[in-house]
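Residues per chain are reported as follows:
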Amino acid sequence: MTDLSALYQAVVLDHNRAPRNCHAVSPHDYEGDGNNPLCGDWVHVELRLDSAGRIEDVGFSGEGCAISTASASIMTEVLMGRTLDEARRIGERFQHLVTDRDAPLPAEDDPELEKLLALAGVRDYPMRVKCATLAWHTLQAAIEPTASADSE
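As the structure is a prediction and not an experimental result, all values here were calculated from the model. (Residues numbered from 1 in each chain as written. Predicted model: local features only at pLDDT ≥ 70, side-chain atom pairs only at ≥ 80, totals over all residues. Heavy atoms only, no water.)

**Description of the overall build of the protein**
Helices and strands together make up the secondary structure of the protein, namely four helices and three strands. Computed over the C-alpha atoms, the radius of gyration of the protein is 14 Å, within 12% of the 15 Å expected from 2.2 N^0.38 for a compact globule of 152 residues. Reported as C-alpha extents along the three principal axes, the dimensions of the protein are approximately 45 × 35 × 30 Å. Expressed as a percentage of its 152 residues, the buried residues of the protein come to 47%. Of the roughly 7700 Å² of accessible surface on the protein, 49% is carried by carbon and sulfur atoms. (Helix = DSSP H or I, 4+ residues; strand = E, 2+ residues; numbered from the N terminus. Rg over C-alpha atoms; globule rule 2.2 N^0.38 Å. Buried < 20%, exposed > 50% of the residue type's maximum accessible area, 1.4 Å probe, protein only. Areas by Shrake-Rupley, 256 points an atom, 1.4 Å probe, with all protein chains shown as cover.)

**A look at the environment of G62**
Within the element layout of this structure, G62 appears in strand 3 (residues 55-63). We classify G62 as partly exposed; its relative accessible area is 37%. For the pair G62 and P19, spaced 43 residues apart in sequence, the C-alpha to C-alpha distance is 11 Å. The contacts of G62, once residues within four sequence positions are left out, are W42 and V43. (Contact = heavy atoms within 4.5 Å.)

**Topic: the packing of aromatic side chains**
Enumeration over the complete set of coordinates arrives at one aromatic pair. Note on F94 and W136: the rings are 5.3 Å apart at their centroids and 35 degrees apart in plane angle, and the pair reads as tilted. Of this pair, F94 sits in helix 3 (residues 84-99) while W136 sits in helix 4 (residues 126-143), and the two are 42 residues apart along the sequence. For the pair shown, F94 and W136 are each scored as buried. (Phe/Tyr/Trp six-rings, centres within 6.5 Å; stacked < 30°, edge-to-face > 60°.)

Below, the structure is given as structure tokens:
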């Protein structure tokens, strides 16, 4: 087993067993719903900005596989204190990380992706990419109402 595979398994199991920020955000400025009808995963994301435009609180609820839950949990940790523009950029980088099998992995000390690096393992399992990206698509739908978070 490679180091990345071991890290992937450990992080996914940890976040699935004890998801972080699995709560409602009240009051919230943005909210979104996403689902993957093929596997039954669904997620609801809420977030609130502070007066400086930074994410002050972000939470999620939903049901899904271990990868979906872990990704949502890690996403909330990564986005705390970030601006919406930073959240968009990190989401785009994460999407690239898990969909482009030929892309080089980011440095382990990358401040935006270091916690998400463990999920890079899904790039080897194309059917699991939608599980890993559902929360991110839902976040995008929350902050950009014309976006859709539903997967097929």
